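Structural characterization, general
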Amino acid sequence: DGKFQTAPGEYDEGFFDALDYVVAKARDYNLKLILTLTNFWDAYGGMENYVRWANNNANGTDGLSISEFYTSEACRDMYKKNFLKIANRYNKYTNLTYAEDSTILAW
């Protein structure tokens, strides 16, 4: 449905490939990138998804609070795993992991 992470630990490889390419092109032009790992917008797979996943709720956030993203151990664990998945991603265009690539200025 157009989201980078479609379920906890499950990713759309097409999105990853596109990000690999963007990072490689930024590197070619000596640009630095700040990768945003989550946001408030559900359309982009934001914090709302973590709250839904932590509560096993596939139908929305009725009765749930987005602030649970900051307080839920399950949300924090999923966020950390997401970070590690991205940081350890091997970019086929640069032959580096994201963690090794100085193009990525910050997370």
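This text goes with the structure placed above it.
Heads up: these notes are all about the structure in this document. (Residues numbered from 1 in each chain as written. Predicted model: local features only at pLDDT ≥ 70, side-chain atom pairs only at ≥ 80, totals over all residues. Heavy atoms only, no water.)

1. Looking at helix α2 (residues 47-54)
Threshold: Accessible area is worked out with a 1.4 Å probe on protein chains only. A residue is then buried under 20% of its type maximum, exposed over 50%, and partly exposed in between. In this text, helices come from DSSP runs of H or I with a minimum length of four residues, and strands from runs of E with a minimum of two, each type numbered from the N-terminal end. Here, two residues are considered to be in contact whenever any of their heavy atoms come within 4.5 Å of each other.
With six of its eight residues buried, α2 lies for the most part within the structure. All buried positions along α2 are accounted for by M47, N49, Y50, V51, R52 and W53. Each element contacted by the buried residues of α2 is listed here: β1 (5-7), α3 (68-71) and α4 (73-87). The positive-phi residue at the C-terminal boundary of α2 is N56, with phi of around 50°.

2. Comments concerning the pattern of salt bridges
Should the charged atoms of two oppositely charged side chains come close, the side chains can pair. Under the convention used in this document: When a carboxyl oxygen of Asp or Glu is within 4 Å of a side-chain nitrogen of Lys or Arg, the pair counts as a salt bridge.
Throughout the structure, instances matching the rule amount to six salt bridges. The partner of D17 in a salt bridge is K92, with the nearest N and O atoms 2.9 Å apart. On the criterion of sequence distance, the pair formed by D17 in helix α1 (residues 13-28) and K92 in the loop between β4 (90-91) and β5 (96-97) is long-range, its members being 75 residues apart. For D17, a relative accessible area of 24% corresponds to the partly exposed category. When its relative accessible area of 51% is taken as the criterion, K92 is described as exposed.

3. Describing the side chain of T97
Counting through the fold element by element, T97 comes out in strand β5. If we skip the residues at most four places from it in the chain, T97 touches A87, N88, R89 and Y90.

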